[in-house]
Amino acid sequence: MSCSSLADRVVEEVNAKYPNAIECSIVDHSDGCGAKLELTIVTDDFDGVLLLKRHREINNLMKEKGLWDELHALQINAWTGKQWEAKKSG
């Protein structure tokens, strides 16, 4: 599969895991190759979940779906709806 679709595949898998996400977006910081991505996922599923556990869930998802080896770097912004609103207004 071409590297240009890696970002789309990451978003597809994250959306499938968190179907009620308020926001799920990705920015490619690698000039289109997808090796360095910044993922923003906002869902109330993260209420009461430690940040480290949120990141582990997403990293494990990437491993389970066979995407981990294609990524050079994945920056994860994993927020609750309340955190997201605070960031947008602040």
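Shown above is the structure to which this text applies.
Here is a short report on the structure shown in this document.

Rules used throughout
- Residues numbered from 1 in each chain as written.
- Predicted model: local features only at pLDDT ≥ 70, side-chain atom pairs only at ≥ 80, totals over all residues.
- Heavy atoms only, no water.
- Helix = DSSP H or I, 4+ residues; strand = E, 2+ residues; numbered from the N terminus.
- Buried < 20%, exposed > 50% of the residue type's maximum accessible area, 1.4 Å probe, protein only.
- Polar contact = N/O pair within 3.5 Å; in protein donor to acceptor, adjacent residues only side chain to side chain.
- Contact = heavy atoms within 4.5 Å.
- Phe/Tyr/Trp six-rings, centres within 6.5 Å; stacked < 30°, edge-to-face > 60°.
- Lys NZ or Arg CZ within 6 Å of the ring centre and 35° of its normal.
- Pairing = 2+ DSSP bridges.
- Axes fitted to C-alpha atoms, helices over the stretch in contact; angles between N-to-C directions.

1. Points about the side chain of N77
Thinking step 1. Here N77 shows up in strand β3 (residues 73-79).
Thinking step 2. In this structure N77 comes out as buried when scored by relative accessible area, which is 11%.
Thinking step 3. Side-chain polar atoms of N77 contact the side chain of T40, separated by 3.2 Å.
Thinking step 4. Leaving out residues up to four positions away in the same chain, N77 has contacts with E38, L39, T40 and I41.

2. Considering the packing of aromatic side chains
Thinking step 1. According to the stated counting rule, one finds 2 aromatic pairs in the structure shown.
Thinking step 2. The ring centre of W68 lies 5.1 Å from the NZ or CZ of K63, which sits over that ring.

3. Looking at the environment of L6
Thinking step 1. Inspection of the secondary structure puts L6 in helix α1 (residues 6-17).
Thinking step 2. Along the sequence, L6 and G81 sit 75 residues apart, while their C-alpha atoms lie 26 Å from each other.

4. Comments concerning the sheet that holds strand β1 (residues 23-28)
Thinking step 1. Strand order in this open sheet of 3 strands is β1-β2-β3, and the pairing throughout is mixed. Every interior strand has two partners, whereas the edge strands, β1 and β3, have only one. Neighbour-to-neighbour, the strand axes of the sheet open up by a mean angle of 10°, direction not taken into account.
Thinking step 2. Taken together, the 7 bridges between strand β2 (residues 36-42) and β3 define a ladder with parallel strand orientation. When the bridges of β3 are listed, K36 appears paired with A73.
Thinking step 3. Lying over the sheet, α1 contacts β1 and β2, oriented at roughly 160° with respect to β1.
Thinking step 4. The strands that helix α2 (residues 51-64) touches are β2 and β3; relative to β3, the one it contacts most, it runs at about 130°.

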